[in-house]
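Here are the chains, one letter per residue:
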Amino acid sequence: MPSQLAASRTLELILRPLTPLHVWSGRRLLMGLDVVRRGGNLCFVDIERLPPEMVNQLYSTPAEQIPRVLEKYSAQLPCRLEVKFTGFLPPKAQILELNQYVVPGSTLKGYIRTAVLYLMLKAIGEKGLAEALRRGVNLDEKPKNVAQGLEAEFFRAPRPGGEGGFVDSFQSLLVSDPGVVVDPRCLVVSEIRVVELLGRELKRIASQYALLATCGELKYRVSVRAPGKSAVSNIARPLREHFKDIERLRVLEEVDLIKALRDFGCYILSKELERVKSFKDLAGYADMLEDLHRRYCSKPSDCVVARIGYSTGLTAKTVLGVVKEADPQLYQEVRSLMERSLHHTWDELTIKLVETPRGLVGLGWCELCVH
């Protein structure tokens, strides 16, 4: 498309953790093999830099004895990362590895997509919302495709003719990976507690160890590059069948991304506060959430509250909260479908918490500021 027909705008966003956050790399690291103790630190072993003589010894060592060999040479092992840790870790604990970018651009883009969908759903009014949800949610689809119709209504258009596939509005949104990585001093290994909310009591049912980011800054370039307003009228007649494609690619030109992020962030904040405020053991967390609401939701500013990453719950990752409010029956139908598919309870009956100097708090709260 000729450049004079393209419209663009760019934001610089800075993400700062407010509570520990984690985006999983996809790897589970084994204590005693991938991670070893070194004094008061945990050494994340750099396998590619092991001395040849140590590699040769490990090759001739039975698998079950390898942790002992690594422990013997722990002072000599090359570390790709060292993290302070003075607590207890079971000998064969698994640690979820943090993504190399901490929060990659793709994760931030997915969060923006959910926030924009939330904004659009709330803008169509109560009656229109219920109708849109019924049109867009197809319970005959596979679980991962149940809401494809809903996204299609707002963001997608089929390519014309025999091209196949779809044009998606978010093809026009470009989100860079962060240009500044978090200082290693901001990284900690912590236990994520899975707690069931029962009445007014907390019941601990499971736990998982993970490498978490607790401070620092991540900087992103967020660009919307879409066909300009004159594109549709200026394209050649044979290409006018692409009208819907171009209109879909222009959707984000009309969206206030900061408003979408603010509204969605404040919504999930209020929902989390509702869940935890009646639990005495989470009083400190509830106070923190109320403080965040005063800071980010009482008046517009250049910073918004967000919740991103692992163990942040369905409300922060989907628009199911909107479904539950607008059409409780549809929500129950979706929930039943997911439970049959996944063979476990599918609802926010549990909460994931991590211990901090402020007490137990939820993961993934952060601020996003326009720079």
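One can find the structure itself at the top, above this paragraph.
The rules behind each value
- Residues numbered from 1 in each chain as written.
- Predicted model: local features only at pLDDT ≥ 70, side-chain atom pairs only at ≥ 80, totals over all residues.
- Heavy atoms only, no water.
- Disulfide = S-S within 2.5 Å.
- Helix = DSSP H or I, 4+ residues; strand = E, 2+ residues; numbered from the N terminus.
- Buried < 20%, exposed > 50% of the residue type's maximum accessible area, 1.4 Å probe, protein only.
- Salt bridge = Lys/Arg side-chain N within 4 Å of Asp/Glu carboxyl O.
- Phe/Tyr/Trp six-rings, centres within 6.5 Å; stacked < 30°, edge-to-face > 60°.
- Pairing = 2+ DSSP bridges.
- Axes fitted to C-alpha atoms, helices over the stretch in contact; angles between N-to-C directions.

Draft legend 1. Looking closely at the state of the cysteines. The final tally for this structure, using the stated rule, is four disulfides. Put simply, Cys186 and Cys215 are joined by a disulfide, and their sulfur atoms are 1.9 Å apart. Here the S-S torsion is close to -100°, and the disulfide linking Cys186 with Cys215 is therefore left-handed. One end of the pair, Cys186, is in the loop between β9 (173–175) and β10 (187–198); the other, Cys215, is in the loop between β11 (201–213) and β12 (218–227), and 29 residues separate them in sequence. Classification of Cys215 by relative accessible area gives partly exposed; the value is 30%. With its bonded cysteines labelled in order along the sequence, the protein chain shows the pairing 1-2, 3-4, 5-6, 7-8.

Draft legend 2. Expanded view of the pattern of salt bridges. Per the counting criterion, the structure on display carries 26 salt bridges. For Asp183, the salt bridge goes to Arg185, with nearest N and O atoms at 2.8 Å. The exposed category is assigned to Arg185, whose relative accessible area is 75%.

Draft legend 3. Quick peek at the packing of aromatic side chains. All told, the structure shown has four aromatic pairs when counted by the stated rule. A connected cluster of aromatic rings, assembled from ring pairs, spans Tyr111, Tyr118, Phe264 and Tyr267.

Draft legend 4. Spatial organisation of the sheet that holds strand β4 (residues 41–45). Within the open sheet, the three strands sit side by side as β3-β4-β5. Their pairing is antiparallel. On the outer flanks of this sheet lie β3 (35–38) and β5 (79–84), each paired with one strand and no other. Taken pair by pair, the neighbouring strands of this sheet meet at an average axis angle of 30°, ignoring direction. Two strands pair when backbone bridges link them, and β4 and β5 are joined in this way by five bridges, in the antiparallel orientation. In the sheet register, Leu42 faces β5, and the bridge partner there is Val83.

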